[in-house]
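Observations on the model geometry
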Amino acid sequence: MILQKNYFNPNNYIDFHTHLNDYPQDELFFQLKDFSGIIITASCDSESYKKNCLIQNNSKTFSKLKVIPTFGIHPKQAANCPNDLSVYDEICYTSPIIGEIGLDLCWAKDVPFNKQEKVFRYFLEHCNANKKYCVIHCKDAEKQVSQILLDYPEAKPIIHWYDGPTNIYKEFIKRGYYQTFGCESIRSKHIQNLLLLTPPNLILAETDNPESEPWLGGSDNSIFLIKKIYQDISQISGRSLVDIQTIINCNSMTILEEAFSRLCQFS
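First, a word on what this report is: a plain description of the structure on this page. (Residues numbered from 1 in each chain as written. Predicted model: local features only at pLDDT ≥ 70, side-chain atom pairs only at ≥ 80, totals over all residues. Heavy atoms only, no water.)

A closer look at the sheet that holds strand E1 (residues 13–18)
Taken in spatial order, the 3 strands make up an open sheet running E1-E2-E3, and their pairing is parallel. Taken across any chain shown, the strands that pair with only one partner, and hence form the sheet edges, are E1 and strand E3 (65–69). Each neighbouring strand pair of the sheet contributes to a mean axis angle of 10°, computed without reference to strand direction. Looking at chain direction, E1 and strand E2 (residues 37–41) are connected through 4 bridges and run parallel. Bridging from a neighbouring strand, aspartate 15 pairs with isoleucine 39 of E2. Each of E2 and E3 is contacted by helix H2 (residues 46–58), which is oriented at about 160° to E3, the strand it contacts most. (Pairing = 2+ DSSP bridges. Helix = DSSP H or I, 4+ residues; strand = E, 2+ residues; numbered from the N terminus. Axes fitted to C-alpha atoms, helices over the stretch in contact; angles between N-to-C directions. Contact = heavy atoms within 4.5 Å.)

In structure tokens form, the structure reads like this:
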């Protein structure tokens, strides 16, 4: 796949984390045909990855849109994994970025931590060996995630929707980890403060829809919510919308160009 750096005008947006497979598909394709930009659609297990790959294939005729599926096992799904995780080796190599992976001590308390950690480390080993980007979930497990990531210095973490302790966030920033900001940013003073601590070259945008905005009390769970996320980041940061679009799109394209370059080495 060849990516062109043409995502810098006001009509183009890059959503770095959402779940297209969770949308009603007829409704989704009605929206996708009018979207201009790139959507990175995360997977929580192998079945959702297959659905996201199908969405990618079926949306190729939409000239202004590029859908990029990524494969991962969400910590909530870790208990469903086989003991032999090598069954995922082949599928990992098809995914330019790995995600969504990580640890969760808030909403996945019923999944044994050792099982979560085993699955998390499996994917990090793949990313470390291949110098690959990975989108990481760390709800209430920020300390554990921070410690584990030190064992995989060649992996390239992208921290998804961070809302944890500021001291660990500063450590992530010090290590150069990208950060996604989404629909809670405008609602949370804590996340706003984290955004203001973030160097522009580490900022990405996400919706995490279709469930996240309704979960927070909003009504727009469409793929077009990403436009408002850009506006929210602009408002919080005190930067113009044009500047934010350039920053986010440039950061996103830097990651994607490197990711696809590495993917081609194994194809």
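Some points on the sheet that holds strand E4 (residues 98–102)
Hydrogen bonds between backbone groups are what pair the strands of a sheet, and the pairing can be parallel or antiparallel. With respect to topology, 5 strands assemble into an open sheet ordered E4-E5-E6-E7-E8, the strand pairing being parallel. Strands at the two margins of the open sheet, each flanked by one partner only, are E4 and strand E8 (203–205). Taken over all neighbouring pairs, the strand axes of this sheet differ in orientation by 35° on average, direction set aside. Strands E4 and strand E5 (133–137) of the sheet are contacted by helix H4 (residues 113–130), whose axis makes an angle of about 145° with E4.

A look at helix H6 (residues 166–175)
Those residues of H6 not exposed but buried are Ile168, Tyr169, Phe172 and Ile173. For H6, the buried positions fall inside an angular range of 145° around the axis, keeping them on one side. Of the residues in H6, the exposed ones pointing more than 90 degrees away from the buried face are Asn167 and Lys174. At the exit of H6 stands glycine 176, carrying a positive phi of roughly 85°. (Buried < 20%, exposed > 50% of the residue type's maximum accessible area, 1.4 Å probe, protein only. Arc of directions from axis to C-beta.)

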